Amino acid sequence: MGMNMRYNITLNKWNFKISAFNYSAKVTVPHTWNVDENVMKHRGEAEYETAIFIDESLKNKKVFLSFNAVYHTAKVYINDAFAGEHSRSGYTPFTFDVTDKILFKAENKIKVIVDNTHIDEILPHKDDFDWADDGGIIRKAELQFAEPNAVAYLRAEEIIRNMDNGRGSGTLKIKTAFLNGKPQSGTVHIMDYSNNEKIISKHFPVIENEIELDFKNVKLWSCYSPNLYRIAIETENDYYEIRTGFRTIEVKGEKVFLNGKEIYLKGCEWMPGSHPDFGMAEPLEHSIKCLKQLKNAGCVFTRFHWQQDDSLFDWCDENGLLVQEEIPYWGYPKQATELQLDIAKQQADEMVYFHSNHPSIICWGVGNELGGETEPTIKYVDDMVAYFKSLDSRRLVNYVSNSISRNENVNKDDAALHGDIAMWNDYLGLWEPSDDIENHMIRTCKKAKGMPLLISEFGLCEPHFKGGDKERARILRERLAMYAKIENICGYMWFSLNDYRTHCGEAGEDKMRRRVHGSSDLYGNEKPSYRLLCELQG
């Protein structure tokens, strides 16, 4: 193996201040101020500052400052020199090349000005979203050091031509780039993640932007056998690897197929960032507790209204939980302008660039409840489905609708019908009045005839609707019985696993402001309806 000359420094200790409150503190990143009793009402700018000594031995390296997420706008300074800005997307990772800003054999000051003001030029748009608006460096930050000609990027796309007994053969397309932009010679390794067994090693005299490698008899990744592989590029002075899995996901008629076998996407949605002690800086340990609750309830599928951290997807990869990751475009503006389309494409670029090696992500989502019966939304969905497909051919792309059920005309178009799976938020008899829920549901599903339809949300939201967890359990039992009778329903999503913090919630105040929508509370304590979910899905 070539010498691995990479080196990372985690930046977790910061000085924090909000000038508007004359408030300062020492904090640990990940961090949000909107769960701090002193400043939790603040929406606006805050400042993080840290200092790090960088040894002279690193002088000939390229240096990058990397953030897994800052909500929602970050202006970054190194030694008082402007290093870059990340805006319009508060939940996707970003990295700045800061090589020319770093002082070696010296202390380096890093400052980040963060802003979580509700604005037009971002998705989620202004205050039109239903989760917490927590500001801060909400995920990991680090300095990264690498050789000037090191691997900058590595992405693997499998084309599986033959599948048999949980194994597959085909071609692996490897997309890569080097920091200096020049092709190099090197060796590609594929290793079984479970035992580190090397199954392929092939030397390439020249590694350019895309190379191909045939593979045979690899173990396929699935919900029940989440087999993973490490793919590495080794050059004279660098070793860079990713982790991925080999699988196919496709739609045929009214069914969804994973590795050529029909799969029923039974699931439940979890709303992260809801623990009042942590907010959107929730520690991985609590996130894993919630993810385990999904798996223990028999879920094979979940969706996230906004982009999540790699560490969550790592867990889903390891435990076989399928995911739809979505652009956080929810509710408004109902008519997407060129601005929303441009922001959505930026976020799509970042999602595919940073998350496409996770086999658990089987779908990209382009928006939720945007007036799906209108021409502007249909055009936006068409544009974004085509854009995602141009970036990534191995995943499905969908739009989540609450409007497909509104018009009884089975020929009435809806943006949900323009994705791979028609996704419908079923709140018949609740947010959407209905005198005959079962027949209303049957008529709605007929609109998606010839394609799979997934119930992307159903449940009870208190205190707007009454009845407590007993009524929540009744709805769960009733709806699952109805869904089982309709042939083109390919799955459902119980909403939600947990009560969740949201800036627009009807219950509680400040960091406790929430919607009581869950089968567990804000802290993850399970209610009786959670046990029913386990029973019905088990």
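Worth saying up front: this structure is predicted, and the values here are computed from it rather than measured.

Attention now goes to helix α1 (residues 284–296). End to end, α1 covers 18 Å across 13 residues, agreeing with the expected 18 Å (1.5 Å per residue, within 8%). Within the sequence span of α1, burial applies to His-286, Ser-287, Cys-290, Leu-291, Gln-293 and Leu-294. Taken down its axis, α1 places every buried residue within 150° of arc, on the same side. Counted as exposed and oriented over 90 degrees from the buried face of α1: Glu-285 and Asn-296. Where α1 is buried, its residues touch β21 (265–269), β22 (301–304), α2 (310–319) and α7 (528–537). Once α1 finishes, Gly-298 follows within two positions and takes phi at roughly 85°, a positive value.

Let's shift gears to the pairing of strand β24 (residues 361–368). By the criterion of burial, β24 is predominantly enclosed, with eight of the eight residues buried. Pairing of strand β23 (residues 322–326) with β24 involves four bridges; the strand directions are parallel. What sits directly across from Val-323, in β24, is Ile-361. Viewed along the sheet, the connection from β23 through helix α3 (residues 338–355) into β24 turns out right-handed. Bridge count between β24 and strand β25 (residues 396–401): four bridges; the pairing is parallel.

Every other side chain in a regular strand lies on the same face of the sheet, so the side chains alternate between the two faces. For strand β18 (residues 249–252) and strand β19 (residues 255–258), the ladder comprises four bridges, and the chain directions are antiparallel. Following the sheet pairing, Lys-252 is matched in β19 by Lys-255. Count of turn residues in the β18/β19 antiparallel hairpin: two residues, of which Gly-253 carries a positive phi of about 60°. Summarising the sheet, β19 and strand β20 (residues 261–262) pair through two bridges and their orientation is antiparallel. Considered in β20, the bridge of Leu-258 is made with Lys-261. Remark: two residues form the turn of the hairpin made by β19 and β20, two consecutive strands paired antiparallel; Asn-259 in that turn has positive phi of roughly 55°.

Calculation notes
- Residues numbered from 1 in each chain as written.
- Predicted model: local features only at pLDDT ≥ 70, side-chain atom pairs only at ≥ 80, totals over all residues.
- Heavy atoms only, no water.
- Helix = DSSP H or I, 4+ residues; strand = E, 2+ residues; numbered from the N terminus.
- Expected span 1.5 Å × (residues − 1).
- Buried < 20%, exposed > 50% of the residue type's maximum accessible area, 1.4 Å probe, protein only.
- Arc of directions from axis to C-beta.
- Contact = heavy atoms within 4.5 Å.
- Pairing = 2+ DSSP bridges.
- Right-handed = clockwise from strand over helix to strand, strands pointing away.

Read these as layout, nothing more, since geometry by itself doesn't imply function.
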